[in-house]
Amino acid sequence: MSKIFLCSICNINSGTCNEDCKFCSQSVKYKADIQRYIQKPMESILQEARQMESLGALGFCLVTAHKGLDDKTLEFVCSIARTLSREVPRLRLIACNGTATLEQLLELKSAGIRAYNHNLETSQNFYPSVCTTHPWSERYETCENVNASGLTLISGGIFGMGETSDDRLSMLYSLKELNPTSVPLNFYHHNSALPLNPNPLTVNESLELIRLSRTILTQADRIMVAGGREVTFGARQEEIFAAGANSIVLGNYLTTTGREAHTDLEMVRKLGFDIALTPEDTTTNLN
Ligand code: SF4
């Protein structure tokens with residue numbers, strides 16, 4: 001029986017980024033109506049971690065809103081990782097803190113972080129249309145650093161930002177080169193403050209993109225449907241698993257609200273899936 005890996009997200013610093021990514025409501029440039037704070041208090045993070053663990057989440061991702069790690073952010077993430085490793089040891093801690101050097105990643109690793117999430121977002125060609133303050137190549141290099149560090153690489157992207165079919169293929173083949181263990185697929189959820197002309201995807205097109213990702217990324221253990229699941233798939237969310245997904249985000253996203261966790265848990269069980277208790281439960285071998 002297939003098992004579903006449940007991941008959860010904790011926005012430990014929100015809405016403070018100076019970059020200009022047109023798809024991101026956390027950029028200070030677009031004044032989206034979101035919560036903005038420098039550091040979430042440790043008590044709140046611990047409470048969220050315990051709650052997510054009790055619901056069955058295995059992954060817990062510590063996300064910051066900056067282009068990349070600086071010394072202060074690195075120490076903040078490391079101190080949280082040390083506390084959570086001690087207090088909620090069953091959770092697999094993931095960091096998602098933008099561009100990072102090999103040395104910074106090794107520090108995260110020694111503090112208890114097990115995986116690093118850094119998305120390519122889209123193709124190398126299309127990236128300058130959605131971001132002008134840093135190049136796509138930096139994103140790719142950070143993913144290479146993750147692989148060199150021995151942390152598990154989590155990398156994916158966003159569909160529906162105005163990119164072409166060729167851009168989607170190009171991103172998926174770039175991901176294949178990097179060989180991520182888990183591939184988060186986000187479906188762009190438009191915020192009216194953002195200067196993007198999205199290309200809304202139909203449910204069938206979105207399911208086809210999951211299938212395509214699963215077909216190309218044969219080595220990845222997990223295809224995770226992440227942001228935009230609820231608005232994109234609506235009443236047809238159950239179909240994402242037959243299309244090839246074996247991981248979802250439980251609870252809220254960075255700046256948008258997810259479904260009630262119990263609704264998702266019910267859906268997973270109703271479909272006959274078990275919840276993964278270890279990452280090995282989702283190890284795949286499609287070759
Ligand atoms: S670098 Fe990251 S946090 Fe900053 S605007 Fe871009 S996507 Fe958002």
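Look a little higher up for the structure.
A brief report on the enclosed structure follows.

Definitions and cut-offs
Residues numbered from 1 in each chain as written. Predicted model: local features only at pLDDT ≥ 70, side-chain atom pairs only at ≥ 80, totals over all residues. Helix = DSSP H or I, 4+ residues; strand = E, 2+ residues; numbered from the N terminus. Buried ≥ 20, exposed ≤ 12 C-beta atoms within 10 Å, placed from the backbone. Contact = placed C-beta atoms within 7 Å. Near = placed C-beta within 6 Å. Nonpolar A, V, L, I, M, F, W, Y, C, P; charged D, E, K, R; others polar. Core = buried A, V, L, I, M, F, W, Y, C linked by C-beta atoms within 7 Å. Axes fitted to C-alpha atoms, helices over the stretch in contact; angles between N-to-C directions. Parallel < 35°, antiparallel > 145°, perpendicular 65-115°, else oblique. Left-handed = near helix turned anticlockwise from the far one by under 90°.

## Quick look at the overall build of the protein chain
Now for step 1: Of the regular secondary structure elements, the protein chain holds 10 helices and 10 strands.
Now for step 2: Looking at the protein chain as a whole, 46% of its 287 residues are labelled buried.
Now for step 3: Across the protein chain, every contact between residues at least 6 apart in sequence was considered, and the portion connecting residues at least 24 apart equals 78%.

## Concerning the site of the ligand
Now for step 1: The full set of residues close to the ligand is Cys-17, Glu-19, Cys-21, Cys-24, Gln-26, Ser-27, Ala-65, Lys-67 and Gly-98.
Now for step 2: Tallied by class, residues from the shell around the ligand come to 4 nonpolar, 3 polar and 2 charged.

## What about the nonpolar core?
Now for step 1: Counting residues in each nonpolar core, the largest one holds 76 residues, and the members touching the most others are Phe-60, Cys-61, Leu-62, Ile-94, Tyr-116, Leu-185 and Met-224.
Now for step 2: With residues near it in sequence (within four places) discarded, Ile-94 still touches Gly-59, Phe-60, Cys-61, Leu-62, Arg-114, Ala-115, Tyr-116, Asn-117 and Ile-154.

## Overview of unusual backbone geometry
Now for step 1: A positive phi angle, close to 75 degrees, is found at Glu-121, a residue other than glycine.
Now for step 2: Assignment of secondary structure puts Glu-121 in the loop between strand S4 (115–117) and helix H4 (127–130).
Now for step 3: One non-glycine residue with positive phi stands out, namely Asn-179, at about 55 degrees.
Now for step 4: Here Asn-179 shows up in the loop between helix H6 (165–178) and strand S7 (182–187).
Now for step 5: Here Asn-179 falls in the partly exposed class, since 13 other C-beta atoms lie within 10 Å of it.

## Considering the packing of helix H2 (residues 71–87) against helix H3 (residues 102–111)
Now for step 1: Contact pair H2 / H3: the axes reach a minimum separation of 8 Å and the direction vectors enclose 20 degrees. Taken together, the axes of H2 and H3 lie roughly parallel to each other. The way H2 lies across H3 gives a crossing that is right-handed. In this structure, H2 uses Leu-74, Val-77, Cys-78, Ala-81 and Arg-82 to contact H3, whose residues at the interface are Gln-104, Glu-107, Leu-108 and Ala-111.

## Structural notes on the packing of helix H1 (residues 42–55) against H2
Now for step 1: Between H1 and H2, whose axes approach to 11 Å, the crossing angle comes to 40 degrees. Put simply, H1 runs oblique to H2. When you trace H1 past H2, the crossing you get is right-handed. Together, Met-42, Ile-45, Leu-46 and Ala-49 of H1 and Ile-80, Thr-83, Leu-84 and Glu-87 of H2 make up the contact between the two elements.
Now for step 2: Tallied by class, residues from the contact of H1 with H2 come to 6 nonpolar, 1 polar and 1 charged.

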